[in-house]
Amino acid sequence: MLPNYAKHLCKRVASTQKALGLLNVNKNNYATEANFETKPFRLHKLDEGPSTKATLNRDDALAMYKQMHTIRRMETSAGNLYKEKIIRGFCHLYSGQEAVAVGIKAALRPTDCVITAYRAHGWTHLMGASIVEVLSELTGRESGCAKGKGGSMHMYCDNFYGGNGIVGAQVPLGVGIALGLKYQGIDGVCVALYGDGASNQGQVFEAYNIAKLWNIPCIFVCENNGYGMGTSADRSSASTSFYSRGDYIPGIWVDGMDVLAVREAARFSVNHCTSGKGPIVLETATYRYSGHSMSDPGTSYRTRDEIQEVRQTRDPITSFKEKLLSASLATAEELKKIEMEIRVAVDEATKRAKGDKEIPSNELTADIYCENVAGPIRNVTNFNALSHTRIGAAVNK
């Protein structure tokens with residue numbers, strides 16, 4: 001009886017592994033590669049879209065899990081620092097939307113650029129800034145990536161042109177960055193991210209127009225998290241099919257809570273732009289767990305039950321973790337170790353962000369310009385103008 005049962009159990013395990021698409025299993029009993037099926041993409045002016053079959057190797061799987069979990073943990077710390085009044089001013093958290101940034105970043109090449117809105121902490125880290133540099137920038141400290149002068153909305157690093165506090169302003173700027181790449185003969189694209197709340201801005205459509213007119217390699221990404229500040233997309237937009245808003249520009253709708261679906265859509269988009277076909281629009285259907293900013297409790301225009309349901313059924317990190325475990329790409333112990341390492345790293349960075357010093361007052365007017373042709377810097381009054389100095393190297397010159 002027992003041998004027959006064991007034989008039957010082995011068959012079931014083998015059948016389950018086959019269904020999950022395990023391609024290779026090494027001697028340590030974890031898969032080195034696996035296939036996954038994503039939700040179907042919705043297409044606009046495209047005969048073919050991204051593949052719904054995504055292949056993922058173990059190294060990429062662990063890296064993407066680490067990136068998403070780091071962003072989540074970092075944003076949790078930022079929220080706590082804001083509540084402690086150590087972070088002042090505005091603070092827009094990315095919790096819930098991690099799969100969008102991580103999925104797109106997985107498809108980008110070293111020559112590709114990114115510009116986004118004010119929900120920029122996660123993107124800043126992915127594009128090269130350390131956890132310390134991000135959190136210290138939020139607290140206004142010297143070890144911040146902009147020496148504490150930029151804060152939540154103005155962080156920069158190589159090929160990353162920061163977050164922008166003016167709603168929708170990053171979209172035409174992104175087209176300009178992409179035009180610069182094309183003008184210089186650089187094989188690169190620019191990803192310009194904006195929210196559903198910014199999608200009705202006139203400058204967005206103006207940017208669409210010039211991008212298609214000149215076939216500029218720009219990927220327009222509408223991060224549709226359901227709400228523009230405190231207004232739902234249904235109440236603010238006559239058309240909520242944001243991927244078709246480009247009219248004459250092709251578009252793709254993608255499940256923004258599935259990091260693999262986002263990666264496949266981003267890869268397709270990069271290939272589309274670099275093949276000379278011009279721009280493309282991505283709509284990533286995602287969700288933010290916090291309010292619009294830290295000053296918004298986020299529960300006056302939606303229910304706590306709605307937020308809880310998304311956390312339980314669509315969370316990008318939890319669902320990806322389940323995929324990795326089911327496909328044997330990682331063990332529960334490995335993922336727990338990664339989570340603990342991230343917790344320690346973020347905790348240490350938080351201490352540094354709290355304890356580091358601010359820059360001296362004479363550095364406040366340093367590095368404003370790459371090349372200062374404007375002369376003295378205006379002070380709080382018309383008298384006693386300040387001088388401009390250079391301290392660090394210009395970023396993205």
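Refer to the structure printed above.
Keep in mind that what you see is a predicted model, and the values were worked out from it rather than measured. (Residues numbered from 1 in each chain as written. Predicted model: local features only at pLDDT ≥ 70, side-chain atom pairs only at ≥ 80, totals over all residues. Heavy atoms only, no water.)

1. Points about the pattern of salt bridges
Phase 1: Scanning the entire structure with this criterion turns up 15 salt bridges.
Phase 2: The partner of Glu334 in a salt bridge is Arg58, with the nearest N and O atoms 2.3 Å apart. Taken together, the positions of Glu334 in helix 12 (residues 332–355) and Arg58 in helix 2 (residues 58–83) put the pair 276 residues apart, joining distant regions of the chain.
Phase 3: As a salt-bridge pair, Asp367 and Arg390 come within 3.3 Å of each other at their nearest N and O atoms. Taken as a pair, Asp367 in the segment after helix 12 and Arg390 in the segment after helix 12 lie far apart in primary sequence, 23 residues in all.
Phase 4: For Asp367, a relative accessible area of 28% corresponds to the partly exposed category.
Phase 5: Exposure remark for Arg390: the relative accessible area of 39% places this residue in the partly exposed category. (Salt bridge = Lys/Arg side-chain N within 4 Å of Asp/Glu carboxyl O. Helix = DSSP H or I, 4+ residues; strand = E, 2+ residues; numbered from the N terminus. Buried < 20%, exposed > 50% of the residue type's maximum accessible area, 1.4 Å probe, protein only.)

2. Describing the nonpolar core
Phase 1: Formed by 70 residues in total, the largest nonpolar core has its most connected members in Ile104 and Phe320.
Phase 2: With 9 residues, the single largest contributor to this core is helix 2.
Phase 3: Dropping the residues within four chain positions of it, Phe320 is found in contact with Leu56, Ala61, Met64, Tyr65, Met68, Val259 and Leu260. (Core = buried A, V, L, I, M, F, W, Y, C linked by side-chain atoms within 4.5 Å. Contact = heavy atoms within 4.5 Å.)

3. Observations regarding empty space enclosed by the protein
Phase 1: One pass over the structure, following the stated rule, counts 1 cavity of 30 Å³ or more.
Phase 2: Here the largest cavity is characterised by a volume of approximately 30 Å³.
Phase 3: Lining of the largest cavity is provided by Ile104, Leu108, Val191, Ile219, Val221, Ala266, Ser269, Val270 and Leu282.
Phase 4: For the lining of the largest cavity, the secondary structure elements donating two or more residues are strand 7 (218–224) and helix 9 (259–277).
Phase 5: Considering every element that reaches the lining of the largest cavity, the biggest residue donor is helix 9, with 3 residues. (1 Å grid on protein atoms, 1.4 Å probe; cavity = no way out; pocket = protein on both sides within 12 Å on 5 of 7 lines; lining within 4 Å. Points joined across faces, edges and corners; volume = space filled by probe spheres on them.)

Function cannot be read off these values alone, since they describe shape.
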